[in-house]
Amino acid sequence: MTEPRCAQCAEPVAPTDHFCETCGHRLTAPAATAAAPAIELAVPAAGNGRPARPAATATAVPVSGAAVGPVATPRGSTTGRATEPARVGAATPGPATPEPPAPGQATGPAAEPATPEPTTGEASPGEASPGGASPGGASPGGASPGEACRCGDGRADVDGYCDSCGTLLGRADTQFEACAKGAALVSDRGLVHVDNEDAGAVAEAAGRTIAVVCDGVSSAPRAAEAARVAVATAIEILLGLPPTTPIQAGLSSAIEAAADAVDVLAAAEPDGNAPACTFVAVVADPAGVLHIAHVGDSRAYWLPDSGEPCQLTVDDSWATEAIDAGLDPARAWADSRAHALTGWLGADAGSVRPHVALLPVQGPGLVVLCSDGLWNYLIELADFVDRVRRAARNSTDLLGCARLLVEFARGQGGRDNITVALLRTEEARPT
Amino acid sequence: MTSFTAETFQNEFLPAGTGEVDAIVTVTATGAPAQAVAGPPATGRTEVIIVDRSGSMGGSRIAAARKATIAAVESIPDGTHFAVIAGDHAAEVVVGLTEAGPASRAQAKQRIQRIQAEGGTVMSSWLTTAATLFDRRPGAINHAILLTDGRNEGEERSVLDSALAAVTGRFQCDCRGVGTNWVVDELRHISTALLGTVDIVAQPADLAADFTSMINAAMRRTTADVRLRVWTPAGATLSFVKQVAPQVDDLTGRRTEVNARTVDFATGAWSAESRDYHVSVTVPPGEVGGERLAARVSVVTTGGDGDEQVAAQALIRAVWTDDDALSTQLNRQVAHYTGQAELAQVIAEGLAARSAGDDRTATVKLGRAAQLAAASGNAATSELLEKVVEVEDAATGTVRLRRGVQAADEMALDTRSTRTVRVGKRD
């Protein structure tokens, strides 16, 4: 029997490959003999066996440019803008210049999927698109230019500051929201961080609901960019999965490709500091299975309408591993090393493997994905579940619920960026 | 076509209840050719050379001054307009305002050769006459060189000050003192008001090279009348704006008001270059977790049609936090330039103390200068200091005043004390 070869590059491929290892071309899954990927039940206990890291695609999947996060500005120093000379009246030195396109600006929905009519919620209203359209549209927490300030004397300028008293009324580029059918996401920079280095997206296609949340590692350069490119890469792959492709395999490819995309960012860093981020993604399929992929300490939880809630992911963090090894949880979380990551996406992540798992669920419920800016205030599962259920009771839709959770975290001090994504699963359809 | 960028370096985090914000704003102009332009910019250029021909200039000095002026005229490219003024108790326009070309240069040379030294020194008349010449070519990039060898003895300081106020903004002027009988503070007073440099040329023979280099530098400037516009919010105080690179120059007193919250600082004409500014603002404290725009710094130029353009902007922010780790960090750039500004200041104070005979203060101040210069890697200033003090231990600032310091060395330290070194941009 002749060796199967890739239709695109003619390199040999293995019968079980779903993507060509040389050129990344998606291969049609050979009839029913596709090897089933390892199934791993995610339970909130110690000692998960970690599946082998799937073979990486040789070429990085190009990012379509759909923005999945806010416009990033470097921490600790503000980059000013070089603007096209614009006319201003002699007496009013207002910043009447269009902002130049910044990296990561929204250009629109993600790449066209092969499946019919997905809905994708990306980025935020209020973000300027390249081409100089002025930021418009109020988004909660982000002031639109011209909005009146509490001081009574001024209005928000293009940067979101009151032009009289200078107070920041809100900046559209540090808070963003997204909606899709059965999913919602809210992200906020919190109260302490100046930039939002979280990124996320939600989408729905062919009955599958998708959510991805990534948290850029602030101590490494270009954290926001790492998070955004990871989200964008993963979403593109997940939306583009043919209906016949097993979601587990697709999810593996997605997190792999995201890892590669973040790895590539390190090439531009002269000091060798590799940009890095966490990753958590959930795909809920109509057959009633939750597919989860993650690395790092951004989490996913399952809150069934009836039944036991659980945390779907186990953090790659010092505290989790210490507790695993027997340390008292209160002491572990109190330690200054608690949040040190033991796994992440980035060129320096070494041999850590991302975790891909699935959980068949019965009946309807809520999937919650979040960065540590939320769960850090709700370490006990019972507290977390309680807070989410309370937010759900006090809101009329998923977006409202996500906003309340973000508000809660801000009220607790907002020490970190906060991102919450919610997926609603209905009764499993009979297959 | 020159384009500008403005970048802010600061630690934006403040402890609750405070409001002092310090930032370094780096303004960079790019796009102008590095070499002298072959032809004048659209707005045109005018050069005026002012030569002191008072009696004390007699002998080698006036001969060298003539040579240097001729060298300067020869460096002026075709198309640029120029004039030469010989100054004593009055100002004689030796070479009338004319467009540079082979014929006009040749004629200028002949006239310059005839300049003789005699008479007193009344600088106000030189400046006023130069201004009148510049006014004949509105909109051009106006630059003058002023050479003197002595004090402005022919008039009261107040008269010079009035003339200076009247000509400020009409042209930029680089001042040079030849020999050591002139007063650094006096020339610096003129050069800072007229946005130029001041320096000592101890040996007359070195004048020609210095003049040529000043003309070449002027020819590289292609954007006229660049202003730094600073907006601060209601209730805020703009404590100071100082240029800190390439030289320290406190601009605060020279601001002009645009409106209740906005002031302008003239920075003259720019070539392809970069200058750093230290902006210090005090704002009303905000609540923890809140943020306020402390200042908006804009680079404003005037287009050919006379309209103002905002060429670049930088934001200076204040963010309140109760996290000490965030608010107690000192931004590297701010710390560095605060040190460079202090360096210039202690040198000035040290030299003043020394002239007044207060050796103890001079030793302390110049010792601190040696310490700052060494710590910041300002080798040029360390070298100049070594001519005036013997440095026993730069790290602790232990120095000993030298006896028998050459006047030229002391004046070199004085004039060049404001030159700073930069720090790397990476945080």
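All values reported here derive from a predicted model rather than from experimental measurement. (Residues numbered from 1 in each chain as written. Chains lettered and ligands numbered in written order. Predicted model: local features only at pLDDT ≥ 70, side-chain atom pairs only at ≥ 80, totals over all residues.)

So, the nonpolar core
Then comes step 1: Val-48, Ile-50, Ala-130, Val-279, Ile-316 and Leu-385 of chain B are the most contacted members of the largest nonpolar core, which totals 134 residues.
Then comes step 2: Setting aside chain neighbours within four positions, we find Ile-316 of chain B in contact with Thr-8, Gln-10, Val-21, Ala-23, Val-279, Val-281, Ala-294, Ala-295 and Val-297 of chain B.
Then comes step 3: Of all hydrophobic cores here, the second largest spans 94 residues; its members include Ile-235, Ala-284, Tyr-301 and Leu-423 of chain A. (Core = buried A, V, L, I, M, F, W, Y, C linked by C-beta atoms within 7 Å. Buried ≥ 20, exposed ≤ 12 C-beta atoms within 10 Å, placed from the backbone. Contact = placed C-beta atoms within 7 Å.)

A word on the packing of helix H9 (residues 359-375) of chain B against helix H10 (residues 379-386) of chain B
All names here are of chain B.
Then comes step 1: Between H9 and H10, the least distance of the axes is 8 Å, while the angle of their chain directions is 150 degrees. Put simply, H9 runs roughly antiparallel to H10. Along this stretch, H9 crosses H10, giving a crossing that reads as left-handed. Touching Leu-366, Ala-369, Ala-370, Ala-373 and Ala-374 of H9 are Thr-381, Ser-382 and Leu-385, all from H10.
Then comes step 2: Here the contact of H9 with H10 is composed, by residue class, of six nonpolar, two polar and no charged. (Axes fitted to C-alpha atoms, helices over the stretch in contact; angles between N-to-C directions. Helix = DSSP H or I, 4+ residues; strand = E, 2+ residues; numbered from the N terminus. Parallel < 35°, antiparallel > 145°, perpendicular 65-115°, else oblique. Left-handed = near helix turned anticlockwise from the far one by under 90°. Nonpolar A, V, L, I, M, F, W, Y, C, P; charged D, E, K, R; others polar.)

Overview of H10 of chain B
Residue and element names in this part refer to chain B.
Then comes step 1: Every buried residue belonging to H10 is among Thr-381, Leu-384 and Leu-385, and all of these are buried. For H10, the arc enclosing every buried residue in end-on projection is 100 degrees, short of the 170-degree limit, so these residues lie on one face.
Then comes step 2: As for H10, its buried residues are in contact with helix H8 (332-355), H9, strand S18 (389-393) and helix H11 (407-416). (Arc of directions from axis to C-beta.)

Brief notes about the packing of helix H1 (residues 223-239) of chain A against helix H2 (residues 247-265) of chain A
All names here are of chain A.
Then comes step 1: Here H1 crosses H2 at 150 degrees, and the two axes come no closer than 8 Å. Relative to H2, H1 is oriented roughly antiparallel. By crossing handedness, the relation of H1 to H2 is classed as right-handed. Two secondary-structure elements touch here, H1 through Glu-225, Ala-226, Val-229, Ala-230, Thr-233, Ala-234, Ile-237 and Leu-238 and H2 through Gly-250, Ser-253, Ala-254, Ile-255, Ala-257, Ala-258, Ala-261, Val-262 and Leu-265.
Then comes step 2: In terms of residue class, the contact of H1 with H2 is made up of 13 nonpolar, three polar and one charged.

Remarks on the environment of Cys-151 of chain A
All names here are of chain A.
Then comes step 1: Mapped onto the fold, Cys-151 is located in the loop between strand S2 (119-121) and strand S3 (175-180).
Then comes step 2: Take Cys-151: there are 14 C-beta atoms within 10 Å of it, and that puts it in the partly exposed class.
Then comes step 3: Taking the C-alpha atoms as reference points, Cys-151 and Cys-165, 14 residues apart in sequence, are found 7.0 Å from one another.
Then comes step 4: Leaving out residues up to four positions away in the same chain, Cys-151 has contacts with Cys-162, Ser-164, Cys-165 and Thr-167.

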